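Understanding the architecture of this molecule
Chain by chain, the residues:
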Amino acid sequence: VAAVSLAVLPGRALAQSSYLVQGPTTVAFAPLAGATKVNVSSFSGISVALPFTFKFYGQATTSVGVAQHGYLYFAGDDGDSSNTGIPQSTAGSFDPTSFIASWWDSTYLPSATAGKEVRWGVSGQAPFRVATFEWSNVATTSTATTFSHQIALYESTNKIRFAYGPTAPGGTVSASVGIQKEVN
């Protein structure tokens, strides 16, 4: 099944104060097999411990928050479905302030059946592991058409990859896609 992928690469190996966008490229979308379900809800995300240190804008972390609405967060609100443009002003905001968004929008899990969930898994061997987070068969609030998307975090290189399944979201969508470091 063909899908689209975007890679976000650290701009400087040591300082990592910026990222470069590479893509989009066509890749085979591979749904996660044997992944762990993340029990998110519409108004609260959940923290997941990474099996390796990941540097986001040079800041080392060993955990990441997972939100139902299509983003990983390092700081800020964890359940905001009201996406805004990226970059955004974060002063006094209920939005995430430091985040990676593959499809930040008002999404929901159509049912509690298997395969319609937020999940994550790790592949590869140290020091080249990849932690992949997948929003599997989610839908926007404007339609019941389901679609899937992923964020992959790469150990050692700190590369970020977005991948999108073969089905496009239906209805009117206004998703925000990108990354942002907390702005003070």
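1. Notes on the layout of surface pockets
Counted as a void, the largest pocket has a volume near 220 Å³. Around the largest pocket, the lining comprises 13 residues; the ones closest to its centre are Phe56, Gln59, Phe74, Ser98 and Lys181. Looking at the lining of the largest pocket, the elements that each hand over two or more residues are β5 (59-67) and β6 (71-76). Per element, the largest residue contribution to the lining of the largest pocket is five residues, and it comes from β5. Along the lines of polarity and charge, the residues of the lining of the largest pocket split into six nonpolar, five polar and two charged.

2. Section: the sheet that holds strand β7 (residues 96-104)
What the five strands build is an open sheet, ordered β4-β5-β6-β7-β13; its pairing is antiparallel. Looking along the sheet, the strands with just one partner apiece sit at the ends: β4 (46-56) and β13 (176-180). Within the sheet, the average angular offset between the axes of one strand and its neighbour, ignoring direction, is 35°. Direction of pairing for β7 relative to β13: antiparallel, over a ladder of four bridges. If you follow Ala101 over to β13, its bridge partner there is Gly178.

3. Points about the pattern of salt bridges
All told, the structure shown has three salt bridges when counted by the stated rule. Of the charged contacts, one joins Arg129 and Glu155 as a salt bridge, the two residues approaching to 2.9 Å between their closest N and O atoms. Linking Arg129 in the loop between β9 (117-123) and β10 (130-140) with Glu155 in the loop between β11 (146-154) and β12 (160-164), this pair joins segments that are 26 residues apart in sequence.

4. Topic: the nonpolar core
By size, the foremost hydrophobic cluster in this structure holds 27 residues, and its most contacted members are Val66, Leu72, Ile100, Phe133, Leu153 and Ile160. If you tally residues by element for this core, the top one is β4, at five residues. Ignoring sequence-local partners within four residues, the contact set of Leu72 consists of Val64, Gly65, Val66, Ser98, Phe99, Ile100, Phe133, Trp135, Ile151 and Leu153. Membership of the second largest hydrophobic core comes to six residues, among which are Ala67, Tyr71, Tyr73 and Phe99.

5. Side note on the side chain of Ser102
When you line up the elements, Ser102 lands in strand β7. The class of Ser102 is buried, set by a relative accessible area of 0%. Engagement of the side chain of Ser102 in a polar contact is seen with the side chain of His149, the distance being 2.7 Å. If near-sequence neighbours (up to four positions away) are discounted, Ser102 is found in contact with Gly70, Trp135, His149, Gln150, Ile151, Phe162, Tyr164 and Val177.

What counts and what doesn't
- Residues numbered from 1 in each chain as written.
- Predicted model: local features only at pLDDT ≥ 70, side-chain atom pairs only at ≥ 80, totals over all residues.
- Heavy atoms only, no water.
- 1 Å grid on protein atoms, 1.4 Å probe; cavity = no way out; pocket = protein on both sides within 12 Å on 5 of 7 lines; lining within 4 Å.
- Points joined across faces, edges and corners; volume = space filled by probe spheres on them.
- Helix = DSSP H or I, 4+ residues; strand = E, 2+ residues; numbered from the N terminus.
- Nonpolar A, V, L, I, M, F, W, Y, C, P; charged D, E, K, R; others polar.
- Pairing = 2+ DSSP bridges.
- Axes fitted to C-alpha atoms, helices over the stretch in contact; angles between N-to-C directions.
- Salt bridge = Lys/Arg side-chain N within 4 Å of Asp/Glu carboxyl O.
- Core = buried A, V, L, I, M, F, W, Y, C linked by side-chain atoms within 4.5 Å.
- Buried < 20%, exposed > 50% of the residue type's maximum accessible area, 1.4 Å probe, protein only.
- Contact = heavy atoms within 4.5 Å.
- Polar contact = N/O pair within 3.5 Å; in protein donor to acceptor, adjacent residues only side chain to side chain.

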